[in-house]
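Architecture at a glance
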Amino acid sequence: MARLPKLPHTISAAGARAIWLHAQRLDAEAPFGAGPAAAQAAIEQLGYVQIDTIHVIERCHHHILWSRIPEYRRSDLAALQSESKSIFEYWTHALSYVPTRDLPFFIPAMKAYRENPSAWFGSVTRAEIATMTRRLKSEGALSIRDIDDDELVDKTHPWASRKPSKRVLQLMFYQGLVTISAREGMLKTYDLLTRHFGWEKLPRPATDRQITAYLLDRALRSQGVVSLDSICHLAASRKPAVRELIESRVRRKLLVPVTIAGAEKVPHWAAPESLERQHAQADRIHILSPFDPLIIQRKRLKLLFDYEHLFEAYVPAEKRKLGYFALPVLVGDKVVAAIDLKTDRRERRLIVQNWTWIADCGTEAKAAIDEAMHVFEQFQCTPHAQD
């Protein structure tokens, strides 16, 4: 273990950024290697990879992995989900890919959905769930396209389906009765969760204390320097328990309280060995998804990078500043631009709809961004990147 610094320990914002970039594995050329094993390692390092439906460019789960795995292929993710079954889909702060080893930490949430079904799914009855369960048992895994005997209903909101079966399967998914065994774009194939994984019954659920430790350890691994907000992103009710665990680890000298210069009002903590990663690496260029783990926590991004990203897909066109789906451009440890892109899949090219400079990065860096854009276009527009 690294030598403990005297407390309190102060680091610069640049040092905090270097630690975070290393935890995110954005400071090396190909930190995970290539192939399905690389995608598995990346998801385990990050804790989860968000899934999103927006498709003006490659979907964000593929984009996030490609940013860390230059030779990434969509088939790598499919192999993990449907063949080795070493990842699964569930809700973190959003629908995400999660390592299967972490499934016990989500079983209590599944149980809560069974005991108190969300009104979001409408009035799904136990009889409907029983009928769908029997159908899956007899017919095998099913997608919505496979179900052609529904009596169609009117949509209750723009993202709803006219097929009642979709509502039933979605609720069963959150209840842990089914899992998404395969995905083609946004078309999901559902199977009974235990059958998909070859289990007779679900694993033992994690205790509340174990879930608290999981959240803290996941954040420490993927962020390096953590705050209560960054650990409990969109899960504020977890903060008291996480704070108690942090204090316990500080007493045992497993964690160090950290003050970040310029952000002294926000308490942070880190493992002692993480503090050795405060030196910035070469100025690597990344064109990041707005759902990338480095970007998605907007308050943290603003605090450490002094950049406030605007996600404007749901903002009226006349009020947008950066554009419909702007991608932050990271050069070294600075966000220097935001580029609103769209893929022309027929012509296999990227269309720049808006380019906003955030900081002046010099002629050499601008040339390097142009080259990075060319590489990004190849990833976007080659056949493997299309649905």
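Above this text you will find the structure in question.
These figures come from a predicted structure and were not determined experimentally.

To continue, consider the pairing of strand S12 (residues 326-331). Among the six residues that make up S12, six are buried, leaving the element largely enclosed by the rest of the structure. Sheet analysis places strand S11 (residues 285-287) next to S12, joined by three bridges and oriented antiparallel. Opposite Ile285, over in S12, you have Val331 as the bridge partner. Across six bridges, S12 lies against strand S13 (residues 334-344) in antiparallel orientation. Paired with Ala326 across the strands is Asp340, a residue of S13.

This part covers unusual backbone geometry. The backbone of Lys85 sits at a positive phi, close to 60 degrees, despite the residue not being glycine. Relative to the assigned elements, Lys85 resides in the loop between helix H4 (74-84) and strand S3 (87-91). Unlike most non-glycine residues, Asp306 shows phi in positive territory, near 55 degrees. Its location among the elements puts Asp306 in the loop between helix H13 (298-305) and S12. The class for Asp306 is exposed, based on a relative accessible area of 59%.

So, on to the packing of aromatic side chains. Summed over the entire model, instances satisfying the criterion amount to 19 aromatic pairs. Arranged with centres 5.5 Å apart and planes meeting at 45 degrees, the rings of Tyr90 and Phe173 form a pair that is tilted. You can see Tyr90 sitting in strand S3 and its partner Phe173 sitting in helix H7 (residues 164-174), a full 83 residues away along the chain. Residue classification places Tyr90 among the buried residues on the basis of a relative accessible area of 2%. A residue is classified by how much of its surface remains accessible, and Phe173, at 5% relative accessible area, is buried. Where Phe311 meets Phe325, the ring centres are 5.9 Å apart and the plane angle is 75 degrees; that geometry is what we call edge-to-face. Of the two residues, Phe311 sits in the loop between H13 and S12 while Phe325 sits in the loop between H13 and S12, which places them 14 residues apart along the sequence.

Here we come to helix H6 (residues 126-139). Taking 1.5 Å per residue as the helical rise, H6 with its 14 residues ought to reach 20 Å, and the 20 Å between its terminal C-alpha atoms agrees with that figure. What H6 keeps buried is the set Ile129, Met132, Thr133, Arg135 and Leu136. Buried residues of H6 fall within an arc of 165 degrees about the axis and therefore sit on the same side. Exposed positions of H6 whose direction lies more than 90 degrees from the buried face are Arg126, Ala127, Arg134, Lys137 and Ser138. In this structure, the buried side of H6 is in contact with strand S5 (142-143), H7, strand S6 (178-184), strand S7 (187-192) and helix H8 (193-197). Positive backbone phi, approximately 90 degrees, marks Gly140, located one or two places after H6.

Let us look at the packing of helix H9 (residues 208-223) against helix H11 (residues 239-251). Contact geometry for H9 and H11: axes closest at 9 Å, N-to-C directions at 70 degrees. Relative to H11, the element H9 is oriented roughly perpendicular. Read as a crossing pair, H9 and H11 show a hand that is right-handed. Between H9, through Thr212, Ala213, Leu216, Asp217 and Leu220, and H11, the contact on the second element is made entirely by Ala241, Val242, Leu245, Ile246 and Arg249. Counted by class, the contact of H9 with H11 contains seven nonpolar, one polar and two charged residues.

Turning our eyes to something else, we now look at the pattern of salt bridges. Within this structure, the stated rule accounts for 20 salt bridges. A salt bridge links Arg101 to Glu44, with the nearest nitrogen and oxygen atoms 3.7 Å apart. On the criterion of sequence distance, the pair formed by Arg101 in the loop between strand S4 (95-99) and helix H5 (107-115) and Glu44 in helix H2 (residues 36-46) is long-range, its members being 57 residues apart. For Glu44, a relative accessible area of 23% corresponds to the partly exposed category. We note a salt bridge from Asp229 to Lys239, for which the minimum N-O separation is 2.4 Å. Pair noted here: Asp229 is in helix H10 (residues 228-231) and Lys239 is in helix H11, with a separation of 10 residues, a long-range link. In this structure, a network of salt bridges that share partners links the residues Arg17, Asp333 and Lys334.

Rules used in this analysis
- Residues numbered from 1 in each chain as written.
- Predicted model: local features only at pLDDT ≥ 70, side-chain atom pairs only at ≥ 80, totals over all residues.
- Heavy atoms only, no water.
- Buried < 20%, exposed > 50% of the residue type's maximum accessible area, 1.4 Å probe, protein only.
- Helix = DSSP H or I, 4+ residues; strand = E, 2+ residues; numbered from the N terminus.
- Pairing = 2+ DSSP bridges.
- Phe/Tyr/Trp six-rings, centres within 6.5 Å; stacked < 30°, edge-to-face > 60°.
- Expected span 1.5 Å × (residues − 1).
- Arc of directions from axis to C-beta.
- Contact = heavy atoms within 4.5 Å.
- Axes fitted to C-alpha atoms, helices over the stretch in contact; angles between N-to-C directions.
- Parallel < 35°, antiparallel > 145°, perpendicular 65-115°, else oblique.
- Left-handed = near helix turned anticlockwise from the far one by under 90°.
- Nonpolar A, V, L, I, M, F, W, Y, C, P; charged D, E, K, R; others polar.
- Salt bridge = Lys/Arg side-chain N within 4 Å of Asp/Glu carboxyl O.

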